[in-house]
Amino acid sequence: MKHQINIEDGRHLRSMKTRNKIINAAHHVFLKEGFQNTTIKQIIEQAKTGYGTAYGHFKGKDDLLIILMEDVMNQF
């Protein structure tokens with residue numbers, strides 16, 4: 001049973017790292033290209049991940065912008 005918990009913890013950790021990698025990539029591309037000019041393709045290329053992975057975590061670039069804006073607002 002303990003082995004099962006460790007596997008799930010590992011999956012969760014990898015999922016969180018991937019999610020953060022996509023968020024950081026979106027931040028970078030948004031700053032470089034602007035939100036309107038940014039595509040999901042640019043974000044996934046920057047994050048070195050795939051469409052399925054990105055859409056598994058987020059509905060689209062709007063979701064990523066909202067998360068980034070919430071992070072900024074939480075700093076105040």
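Residues numbered from 1 in each chain as written. Predicted model: local features only at pLDDT ≥ 70, side-chain atom pairs only at ≥ 80, totals over all residues. Heavy atoms only, no water.

(A) Structural detail: helix α4 (residues 61–74). When the terminal C-alpha atoms of α4 are compared, their 20 Å separation across 14 residues agrees well with the 20 Å that a helix rising 1.5 Å per residue should span. All buried positions along α4 are accounted for by Lys 61, Leu 64 and Leu 68. Around the axis of α4, the buried residues are gathered within 60° of arc, so they sit on the same side. In α4, the exposed positions that point more than 90 degrees away from the buried face belong to Met 73 and Asn 74. (Helix = DSSP H or I, 4+ residues; strand = E, 2+ residues; numbered from the N terminus. Expected span 1.5 Å × (residues − 1). Buried < 20%, exposed > 50% of the residue type's maximum accessible area, 1.4 Å probe, protein only. Arc of directions from axis to C-beta.)

(B) Quick look at the packing of aromatic side chains. Enumeration according to the criterion identifies one aromatic pair in this entry. The positively charged end of Lys 61 is found above the aromatic ring belonging to Phe 35, 4.5 Å away from the centroid. (Phe/Tyr/Trp six-rings, centres within 6.5 Å; stacked < 30°, edge-to-face > 60°. Lys NZ or Arg CZ within 6 Å of the ring centre and 35° of its normal.)

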